[in-house]
Amino acid sequence: MAHTHSHDLGGPSLAGPRARRAVIAALAVAALATLVGLVLLWPGEVTTGGGPDGGSAAGFDAELLDATVTAIEPVPCTGVGDTSSVRCELVRAELTEGPDRGAEATFELVVGGGAPELARGDRIVVSYTATAPPELAYQLADFQRTTPLLVLAALFGVSVVALGRWRGLRALIGVGVSLAVLGAFLLPALLDGRDPLLTALVGAAAIAFVSLFLAHGVNVRTAVALLGALVALGITGALGAVFITATRLTGLADEDATLLRLAGGSVDAEGLLLAGIIIGAMGVLDDVTVTQVATTWELKRAAPGFGPLELYRRAVRVGRDHIASTVNTLVLAYAGASLPLLLLFTQVERSVGDVITGEVVATEVVRTLVGSIGLIAAVPLTTALAALVLGGAPAPGPDGTVDEEVPAELRRPRRRRRRRDPFWDDLPNDEATGFLNQ
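Residue numbers restart at each chain and count upward from 1, following the sequence in its written direction. Only residues with pLDDT of 70 or above have their local features reported here, since the model is predicted, and side-chain atom pairs are shown and tallied only from 80 upward, although totals for entire chains, interfaces and linings are computed over all residues. Processing note: side-chain calculations cover all non-hydrogen atoms of the structure and skip hydrogens and water entirely.

Student: For this particular structure, what's the right way to read the nonpolar core?
Tutor: Across soluble globular proteins, you tend to see nonpolar side chains buried next to one another. Put simply, a nonpolar core is a bunch of buried Ala, Val, Leu, Ile, Met, Phe, Trp, Tyr and Cys residues held in one set by side-chain atoms that sit within 4.5 Å of each other. Each residue gets one of three labels from its accessible area relative to the maximum for its type: buried under 20%, exposed over 50%, partly exposed in between, using a 1.4 Å probe on protein chains only. Counting 60 residues, the largest nonpolar core has Val 224, Leu 226, Leu 285 and Trp 297 as its most contacted members. Secondary structure counts use DSSP, requiring at least four H or I residues in a row for a helix and at least two E residues in a row for a strand, with both numbered from the N terminus. Of all the secondary-structure elements, those providing two or more residues to this core are helix H1 (17–41), helix H3 (146–191), helix H4 (196–216), helix H5 (220–246), helix H7 (269–302), helix H8 (308–337) and helix H11 (359–391). Pairs of residues are marked as contacts when any of their non-hydrogen atoms sit within 4.5 Å. Excluding anything up to four places from it in sequence, Val 224 contacts Val 23, Val 293, Trp 297, Thr 382, Leu 385, Ala 386 and Val 389. Residues Leu 65, Ala 67, Ile 124 and Ala 137 belong to the second largest nonpolar core, which totals 14 residues.

Right under this line is the structure:
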């Protein structure tokens, strides 16, 4: 019985012994290279701050403490000559953590002009700077968001497990391992000055090995999807390195990167941009490759007589639709994240060319296009690999015999040659429609 979910890579393998050995050998080489990379690039003791005043210069030397607002009263604004157009409030808050828990923290807050509005009982985060004057030692840093974020994370976990069951639980474990790899290896290695391209590729490969095998099981199909993802990831990294250098992007367009460089002088902002492109692409590559392998496997199960070329031709049709929607998703995601910036540029008199070639927007253009090219490359690469693995291994039927013939309803009918239309040729034809309606 066919699986009902296109990402289900479980079940008996249709690949022959020779194909399985080739896949295992290729994956063993990739795993060995990943392990060697982890050993060679593993960070040593990372020093933060880039210098004695690095954290202070970036504003990171303040201590963050949870507090609860207890009182708010209007006061004249300190240091403002004309107070007629500016209103301020004196906020009193009780510290709920730290060595001074229970003590009162006071700070001045400007009212209006987009400033946050506080009310009594609000749970906030205040920053404490010991070297500042007493009246300026405490300042509003943020709101406490731990509880709603934990509730949202719990809802996400329950949703994944409720639908995916054990597979969903394994996927959540894979997410945890991915975050562990980022926190224990990738980020410290970048801070330690390791090569950004190699570090990102090794980190992404380690994440791919763990997350894919956890979510989809240790089998030939998962291995094929993983190999396709790793090859596409290498293409993405190479393109990213070439075009970041060609466009002379510094990686400092983002104010967070600027602050990071100020706090830790050894961080390579350009390399950080490249690493972000690679890690971001890996998050989508596994979906594309798993889908293509699952599609090819189901086609082989439905038509055991299909050879590599026929499997590739039919499976890549699905990939065209999938990649079109995925690329559009990537573009819209980056556009949504940069929406305030795009709105800002509409308010200034700049040509479209100046806006696009400016580093802030050019960074997102390179990120989007490089990631999209990697995704596009993953479809034919993974499909071809899966078709080669399956093409010479017909699957036994229910009675245990192998049917080498292609079912009549799946055979390509002979028809006269006609002029190819690039649009209509991409639409489903009669044979594809008949196959999908089975």
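Student: Just to check I follow, could you spell out the sheet that holds strand S3 (residues 104–111) for this structure?
Tutor: Paired through their backbone hydrogen bonds, the strands of a sheet run either parallel or antiparallel. Strand order in the open sheet formed by five strands is S3-S2-S1-S4-S5, with antiparallel pairing between adjacent strands. In this open sheet, the two strands that pair with only one neighbour each are S3 and strand S5 (138–143). Taking the axes of each pair of neighbouring strands and ignoring which way they run, one obtains an average angle of 45 degrees across the sheet. Note on pairing: two strands pair once DSSP finds at least 2 bridges between them. Sheet topology note: the strand S1 (residues 63–75)/strand S2 (residues 87–95) ladder contains eight bridges and is antiparallel. Bridging from a neighbouring strand, Ile 72 pairs with Val 91 of S2. All axes are obtained by fitting lines to C-alpha atoms, using only the stretch in contact for helices, and the reported angles, taken between N-to-C directions, cover 0 to 180 degrees.

Student: I would appreciate a short explanation of the confidence of the model for the protein in the present structure.
Tutor: Should the pLDDT be low somewhere, the predicted coordinates at that spot are not to be read in detail. In this model, the protein carries an average pLDDT of 77, and 73% of its residues clear a pLDDT of 70 or more. Taken together, the stretch residues 48–55 has pLDDT below 50 and engages in 13 contacts with residues farther than four places along the chain or on a different chain. Per-residue pLDDT stays below 50 along residues 418–438; that stretch engages in 17 contacts with residues further than four places along the chain or on separate chains. The pLDDT value expresses, per residue, how confident the predictor is, ranging between 0 and 100.

Student: Would you mind going over the state of the cysteines with me for this structure?
Tutor: By definition, a disulfide links two cysteine residues through a covalent bond between their sulfur atoms. Pairs of cysteine sulfur atoms within 2.5 Å are identified as disulfides in what follows. Under the criterion given, the structure shown has one disulfide. Residue Cys 77 pairs covalently with Cys 88 via a disulfide, S to S 2.0 Å. Linking Cys 77 and Cys 88, the disulfide has an S-S dihedral of approximately 105 degrees and is accordingly described as right-handed. In this pair, Cys 77 sits in the loop between S1 and S2 while Cys 88 sits in strand S2, placing the two residues 11 residues apart along the sequence. By the burial criterion, Cys 77 is buried, and Cys 88 matches it.

Student: Would you take a moment to explain H4 for this structure?
Tutor: Every α-helix carries 3.6 residues per turn, so stepping three or four residues along brings you back to the same face. For H4, spanning 21 residues, the distance from its first C-alpha to its last is 29 Å, which sits close to the expected 30 Å at 1.5 Å a residue. The element H4 is largely enclosed, with a buried count of 16 among its 21 residues. What qualifies as a polar contact is a pair of N or O atoms within 3.5 Å, subject to a donor-acceptor requirement within protein and to the restriction that residues adjacent in sequence count only when both atoms come from side chains. The distance from a side-chain oxygen at the start of H4 to the backbone nitrogen of Leu 197 is 3.2 Å, and the residue carrying that oxygen is Asp 195. Directly beyond the C-terminal end of H4, a positive phi value near 90 degrees is found at Gly 217. Multiply 1.5 Å by the residue count of a helix minus one, and that product is the helix's expected span.

Student: Would you mind showing me how to read the pattern of salt bridges here?
Tutor: Oppositely charged side chains can form a pair if their charged atoms are brought close together. Salt-bridge detection follows one rule: a side-chain nitrogen of Lys or Arg within 4 Å of a carboxyl oxygen of Asp or Glu. Under the definition given, this model contains eight salt bridges. Between Arg 92 and Glu 73 there is a salt bridge; the shortest N-O distance is 3.5 Å. Residue Arg 92 is found in strand S2, and its partner Glu 73 is found in strand S1; the two are separated by 19 residues along the sequence. Judged by relative accessible area, which is 34%, Glu 73 ranks as partly exposed. A salt bridge links Asp 192 to Arg 194, with the nearest nitrogen and oxygen atoms 2.9 Å apart. Look at Asp 192 and you get partly exposed, because its relative accessible area is 26%. Owing to a relative accessible area of 24%, Arg 194 belongs among the partly exposed residues under this scheme. Each of the salt bridges in this network shares a partner with another, and the network as a whole consists of Glu 73, Arg 92 and Glu 104.

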